[in-house]
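Breakdown of the fold
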Amino acid sequence: MSEPIRHHYLPVFYLNHWAGADGKVIRYYRPHRDVVASSISPKFTGFEQGLYRLDGYDPESENDIEKKFMAPLVDDPASRAMEALIERNQSNLTPEFRQAWTRFVMSLHVRHPGNVAQITRQARSGLRQSLLEDPRDYAAVRKNSDPPTLVEWVELNAPFILDNYGKQMLPEIITHQGTSDAIIHMRWWTIGIPGDIPDLLTCDRPVFMSHGVHDERCFIALPLGPRIVFFATRSQATFDRVMSRDFRVVAKSINETLVSQAINSVYSSSRQHHRFVQNRLRSIG
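Quick summary incoming for the structure in this document. Predicted model only: the values in this text are computed from it and were never measured.

Calculation notes
- Residues numbered from 1 in each chain as written.
- Predicted model: local features only at pLDDT ≥ 70, side-chain atom pairs only at ≥ 80, totals over all residues.
- Heavy atoms only, no water.
- Helix = DSSP H or I, 4+ residues; strand = E, 2+ residues; numbered from the N terminus.
- Expected span 1.5 Å × (residues − 1).
- Buried < 20%, exposed > 50% of the residue type's maximum accessible area, 1.4 Å probe, protein only.
- Arc of directions from axis to C-beta.
- Contact = heavy atoms within 4.5 Å.
- Core = buried A, V, L, I, M, F, W, Y, C linked by side-chain atoms within 4.5 Å.
- Salt bridge = Lys/Arg side-chain N within 4 Å of Asp/Glu carboxyl O.
- Polar contact = N/O pair within 3.5 Å; in protein donor to acceptor, adjacent residues only side chain to side chain.
- Axes fitted to C-alpha atoms, helices over the stretch in contact; angles between N-to-C directions.
- Parallel < 35°, antiparallel > 145°, perpendicular 65-115°, else oblique.
- Nonpolar A, V, L, I, M, F, W, Y, C, P; charged D, E, K, R; others polar.
- Phe/Tyr/Trp six-rings, centres within 6.5 Å; stacked < 30°, edge-to-face > 60°.
- Lys NZ or Arg CZ within 6 Å of the ring centre and 35° of its normal.
- Pairing = 2+ DSSP bridges.

**A few points about helix α4 (residues 113–131)**
Between the first and last C-alpha of α4 there are 27 Å, a value that for 19 residues agrees with the 27 Å anticipated at 1.5 Å per step. Every buried residue of α4 is listed here: Pro-113, Asn-115, Val-116, Ile-119, Thr-120, Ala-123 and Leu-127. Seen end-on, α4 carries its buried residues on one side only, within an arc spanning 145°. Seen from the buried face of α4, the exposed residues on the opposite side, beyond 90 degrees, are Arg-121, Gln-122 and Gln-129. Packing partners of the buried residues in α4 comprise β4 (47–49), α3 (95–110) and α7 (159–174).

Printed below as a string of structure tokens:
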């Protein structure tokens, strides 16, 4: 069985909901000056090879974060929870489904390559500081041929420890109990989009979150497809305040926010959003 080297930060099951009859989505991206729209299978986008790979491990273990955590514990359960949400039957949202969906939302918040790189840098820096805290322990066992500090010894003999530390923290971040509990106990809605309103977009960073999850004003939005969106709030008042606006305005605001926070790619079920994306997607460089 081949190793899973294609690590999807935007899972196939999620993007499939924007796919047309040909099984493809429309990807908007800006390779140079202008935005380009192209058809692509969800299998061939929203991934980076070896994104969570652990350096220095044997080939059978280096992809363990993908094959033992992301795929079976995050994405597979979330795909079933997403179907329950789309059916909009609250009785189908068992505690297990709510936990699975919460874990998925939290994963989307951190698993983009840019976020993984940032977590890796911060973790590397923190571990270096930790290794420098008490030099006496290292001095007690240091040989004359060893580098002066423990950090230098690790960098020379086992640099992958520093490089892997942040990636190994990803499961802990995604399952963080305090954050998870806060989202699970929010009020959840799935709202259908009226037929006269343009389709919803999604992107490579598809979760919108205002304020922190412990803030009473917290509002989470995540499109589930071109015609349906997931909302979560800590209070009914926050939801009512958002929904008091014309829903055309709400939908446009969601699309504007997702395009503006996209790093490279915006996805749609059609090419009708080209100008909209052209005017809002960040420029290269």
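**Details of the nonpolar core**
Formed by 46 residues in total, the largest nonpolar core has its most connected members in Trp-101, Trp-188 and Phe-230. Breaking this core down by element, the ones donating at least two residues are α1 (12–15), α2 (64–87), α3, α4, α7, α8 (177–184), β8 (219–225) and β9 (228–233). Of the residues forming this core, the biggest block, nine residues, is contributed by α2. When near neighbours in sequence (up to four residues on either side) are disregarded, Trp-101 contacts Ala-78, Ala-81, Met-82, Leu-85, Trp-188, Leu-222, Leu-224 and Phe-230. Leu-201, Phe-239, Ile-254 and Ala-262 belong to the second largest nonpolar core, which has 28 residues in total.

**Let's talk about the pattern of salt bridges**
Taken as a whole and judged by the stated rule, the model has 12 salt bridges. For Asp-199, the salt bridge goes to Arg-227, with nearest N and O atoms at 2.6 Å. On the criterion of sequence distance, the pair formed by Asp-199 in the loop between β5 (187–192) and β6 (202–203) and Arg-227 in the loop between β8 and β9 is long-range, its members being 28 residues apart. With a relative accessible area of 13%, Asp-199 lands in the buried category. The exposure class of Arg-227 is partly exposed, given its relative accessible area of 28%.

**Regarding the environment of Arg-227**
In sequence terms Arg-227 and Gln-99 are 128 residues apart; their C-alpha atoms lie 24 Å from each other. Excluding its chain neighbours within four sequence positions, the residues that come into contact with Arg-227 are Ile-191, Gly-192, Ile-193, Pro-194, Gly-195, Asp-196, Ile-197, Pro-198 and Asp-199. Looking at Arg-227, its side chain comes within polar contact range of the main-chain oxygen of Pro-194, at 2.3 Å. Here the side chain of Arg-227 touches Ile-197 through a polar contact of 2.7 Å, landing on its backbone oxygen.

**Concerning the packing of α4 against helix α6 (residues 150–157)**
For the pair α4 and α6, the least separation of the axes is 8 Å and the interaxial angle reads 130°. By the angle between their axes, α4 is oblique relative to α6. On the side of α4, the interface is formed by Arg-124, Arg-128 and Leu-131, while α6 contributes Leu-150, Val-151, Val-154 and Glu-155. Of the residues belonging to the contact of α4 with α6, the class tally is four nonpolar, no polar and three charged.

**As for the packing of aromatic side chains**
Applying the stated criterion to the full structure yields 10 aromatic pairs. Seen in terms of ring centroids, Phe-13 and Phe-104 are 5.2 Å apart; in terms of plane orientation they differ by 45°. Their pairing is tilted. Taken together, the positions of Phe-13 in helix α1 and Phe-104 in helix α3 put the pair 91 residues apart, joining distant regions of the chain. With a relative accessible area of 18%, Phe-13 lands in the buried category. Exposure remark for Phe-104: the relative accessible area of 0% places this residue in the buried category. Here the aromatic cluster, defined as three or more aromatic residues joined through ring pairs, consists of Phe-13, Tyr-14, Trp-18, Trp-101, Phe-104, Trp-188 and Phe-230. Across from the ring centre of Trp-188, 3.9 Å away, lies the NZ or CZ of Arg-98, which sits over that ring. Over the face of the ring belonging to Phe-276 we find Arg-280, whose NZ or CZ atom lies 3.8 Å from the ring centre.

**Looking at the pairing of β9**
The element β9 is largely enclosed, with a buried count of six among its six residues. When β5 meets β9, the two strands line up antiparallel, connected through six bridges. When the sheet's bridge partners are listed, Arg-187 is paired in β9 with Thr-233. Of the pairings in the sheet, the one linking β8 to β9 comprises six bridges and is antiparallel in character.

**Some words on the sheet that holds β5**
Pairing within the open sheet is antiparallel, and its four strands lie in the order β5-β9-β8-β7. Of all strands in the sheet, those bounded by a partner on one side alone are β5 and β7 (208–210). The mean angle between the axes of side-by-side strands here comes to 20°, regardless of whether they run parallel or antiparallel. Contacting β5, β7, β8 and β9, α3 crosses the sheet at an angle of about 100° to β8. Sitting on the sheet, helix α10 (residues 247–261) touches β5, β7, β8 and β9, and the angle it makes with β9 is about 85°.

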